[in-house]
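The lines below spell out each chain.
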Amino acid sequence: MAFSIEFVSPEDVLYSGEGTQVIARTRGGGEIAFLAGHEPFIGSLEPSEVRVTEESGDVMSFAVRSGFVSVTGQSVTVLSDQAMPSSEIDGEAARADLAAAQEALRANEHDAFALEDQRWAQLLVDLSSGQSA
Amino acid sequence: MPGGTERILRRRIGSVKNTKKITRAMELIAATRVARAQQRARAARPYAEQLTGVIEDLAAGGADVSHPLLREAENVSRVAFVVCAGDRGLAGAYNSAVIRSAEREIQALRADGGDYRIVSVGKKVADYFNFRGFDIDTRYDGFTDNPTYENAREIARRVRELFDAGEVDQVELIYTEFVSLGTQRPVVRRFLPLTSAKTIADEGGGDAEALAGFSFEPSPEGVLEDLLPRYVEARLFAALLDAAASEHANRQRAMKAATENAEELIIKLSREMNRARQESITTEIMEIVSGAESLNDEASAEVINSFAEALDA
């Protein structure tokens, strides 16, 4: 059964339409698949891949740095301050960012921002090289 | 030398015409940029609304935690000011209006014995406060006419650092609110600490149906903890977009006025130039006539006649 899916970021709307399934990974809760009729739910997302199954059965993959998923009776909304379709990831740039973040962590291993940058860059590298994160 | 004035005026008219072309071009560019900035502000709205919506749901679910970003100081003596204006001038009173209200706030704080920090956004802001001998904590520039979310995140990160570390008790955001194409006004808004989640929810703007019975992952408090920093960034981003749209609108107006002034000046100078030319012709004729009269013979009369014919032709 299809339900409406909105995937929004501050700069634009990444996806808006009908779909049959959304898979996301929440902080502390692991991967959750949302199907039609899921109970009302709000979760905080980890840097991870979010997969949206369209009505046609096609699966769209997005890399999400952080964000939230909000489920109400008839719709699933994914909010992310930084996200992009996995097909648009620049692998080269991601590897450079990863190296920079690791460098920053060597200087100060408790740098929370660098830690976040590192996880995000790692995710992009993984997704661009084809393996699911 | 009578011909000299005319030449000088002709040159001035030429340069005013060039100025007019430039101001007219800047006016047109600013006009398209206002439209684009407004479009981006519209694109940012769904995210901000959904974010507020989630906060509403959380508040409805009863979550209200003691988050560092909600921490109210008992007495506020150290305040950070995030001052957002432009990188470039030629935008009428846009920059000076923001800077003036920022300076007023800072002076008022100092008069009460408080301590200020300045986070400047836009080259003009940093230049002004530097010149006036104020300390600038952090400066950001180079993006005010087209800010990205990444810019907002960077600034928000620094502001949160200041606030979380307890270096300041409060953060004020000073920027220009874009009310409509015709109206923009500088505003001073409290940025941090955030009002409680309950208040954010009550102020609304979100489109969530506030129904209780949500389940939360990891927990209502955990979600709120992740949510508030994003809310801070989204608010800052909205302010930057408002400021950008205002900057372009102000520049458009300023350049329109400059173009109109140039047109008026061209008309005025052309009149002056024509008068100068007429005067020099009259003087020349008078010289010839008086020269001929002083000779007072047939030959000079002939010269006058032939000159008159030449003028008629």
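Note that the coordinates shown come from a computational prediction; the quantities given were computed from them, not determined experimentally.

Conventions adopted
- Residues numbered from 1 in each chain as written.
- Chains lettered and ligands numbered in written order.
- Predicted model: local features only at pLDDT ≥ 70, side-chain atom pairs only at ≥ 80, totals over all residues.
- Core = buried A, V, L, I, M, F, W, Y, C linked by C-beta atoms within 7 Å.
- Buried ≥ 20, exposed ≤ 12 C-beta atoms within 10 Å, placed from the backbone.
- Contact = placed C-beta atoms within 7 Å.
- Pairing = 2+ DSSP bridges.
- Helix = DSSP H or I, 4+ residues; strand = E, 2+ residues; numbered from the N terminus.
- Right-handed = clockwise from strand over helix to strand, strands pointing away.
- Domains from an automatic or database assignment.
- Nonpolar A, V, L, I, M, F, W, Y, C, P; charged D, E, K, R; others polar.
- Axes fitted to C-alpha atoms, helices over the stretch in contact; angles between N-to-C directions.
- Parallel < 35°, antiparallel > 145°, perpendicular 65-115°, else oblique.
- Left-handed = near helix turned anticlockwise from the far one by under 90°.
- Expected span 1.5 Å × (residues − 1).
- Arc of directions from axis to C-beta.

Draft legend 1. Structural view of the nonpolar core. Counting 96 residues, the largest nonpolar core has B:Val82, B:Val83, B:Cys84 and B:Val159 as its most contacted members. Excluding its chain neighbours within four sequence positions, the residues that come into contact with B:Val83 are B:Val98, B:Ala102, B:Ile118, B:Ser120, B:Val121, B:Val125 and B:Ile174.

Draft legend 2. Structural context of the pairing of strand β2 (residues 115–121) of chain B. Residues and elements named next belong to chain B. Bridge analysis of strand β1 (residues 78–84) against β2 gives 7 bridges, and the strand direction is parallel. From the neighbouring strand, Arg 78 faces β2, where its bridge partner is Asp 115. Of the crossover connections in this fold, the one passing from β1 over helix α2 (residues 94–111) to the parallel β2 is right-handed. With 3 bridges connecting them, β2 and strand β3 (residues 138–140) associate as parallel partners. Within β3, the residue paired with Val 121 across the bridge is Tyr 140. The parallel pair β2 and β3, bridged by helix α3 (residues 123–131), forms a crossover whose chirality is right-handed.

Draft legend 3. Here's a closer look at the domain arrangement of chain A. Residues and elements named next belong to chain A. For chain A, the assigned domains are domain 1 (3–86) and domain 2 (90–128). Here the C-alpha centre of domain 2 lies 24 Å away from the C-alpha centre of domain 1. The interface of domain 1 with domain 2 comprises 6 residues on the first partner and 5 residues on the second. Class assignment of the residues belonging to the side of domain 1 that touches domain 2 gives a composition of 2 nonpolar, 2 polar and 2 charged.

Draft legend 4. Examining the environment of A:Glu116 more closely. Examined against the element boundaries, A:Glu116 turns out to sit in helix α2 (residues 112–128). It is 33 Å that separates the C-alpha atoms of A:Glu116 and A:Gly37, two residues lying 79 residues apart in sequence.

Draft legend 5. Just the environment of A:Leu127, in detail. Residue and element names in this part refer to chain A. By secondary structure assignment, the location of Leu 127 is in helix α2. In this structure Leu 127 comes out as buried when scored by C-beta crowding, with 23 C-beta atoms within 10 Å. In sequence terms Leu 127 and Glu 55 are 72 residues apart; their C-alpha atoms lie 24 Å from each other.

Draft legend 6. Seen up close, the packing of helix α4 (residues 149–164) of chain B against helix α6 (residues 220–295) of chain B. All names here are of chain B. Across the interface, α4 lies against α6 with an axial gap of 8 Å and an inter-helix angle of 125 degrees. The pairing of α4 with α6 is recorded here as oblique in orientation. Pair α4 / α6 crosses with right-handed handedness. Contacts from Tyr 149, Asn 151, Ala 152, Arg 153, Ile 155, Ala 156 and Arg 160 of α4 reach α6 at Pro 229, Val 232, Glu 233, Leu 236, Phe 237 and Leu 240. Taken together, the residues of the contact of α4 with α6 break down into 9 nonpolar, 1 polar and 3 charged.

Draft legend 7. α2(B), seen in detail. All names here are of chain B. Relative to the 26 Å expected for 18 residues at 1.5 Å per residue, α2 spans 26 Å between its end C-alpha atoms, a close match to the ideal helical length. By the burial criterion, the buried members of α2 are Tyr 94, Asn 95, Val 98, Ile 99, Ala 102 and Ile 106. The buried residues of α2 all sit within an arc of 100 degrees when viewed along its axis, so they share a single face. Exposed and facing more than 90 degrees away from the buried side of α2 are Arg 104, Gln 107, Ala 108 and Ala 111. Just downstream of α2, Gly 113 is the residue with a positive phi angle, here 80 degrees.

Draft legend 8. Region of interest: the sheet that holds β3(B). Residues and elements named next belong to chain B. Pairing in this open sheet of 5 strands is mixed, and the strands run β3-β2-β1-β4-β5 from one edge to the other. Two strands in the sheet have a free side with no partner beyond their single neighbour: β3 and β5 (184–192). In this sheet, adjacent strand axes meet at a mean angle of 20 degrees when their direction is disregarded. As paired strands, β1 and strand β4 (residues 170–178) are joined by 5 bridges and run parallel to one another. Paired with Val 83 across the two strands is Ile 174, which belongs to β4. Across the face of the sheet, α3 comes into contact with β1, β2 and β3 while running at roughly 145 degrees to β2. α4 contacts β1, β2, β3, β4 and β5 of the sheet and is inclined by roughly 170 degrees relative to β2.

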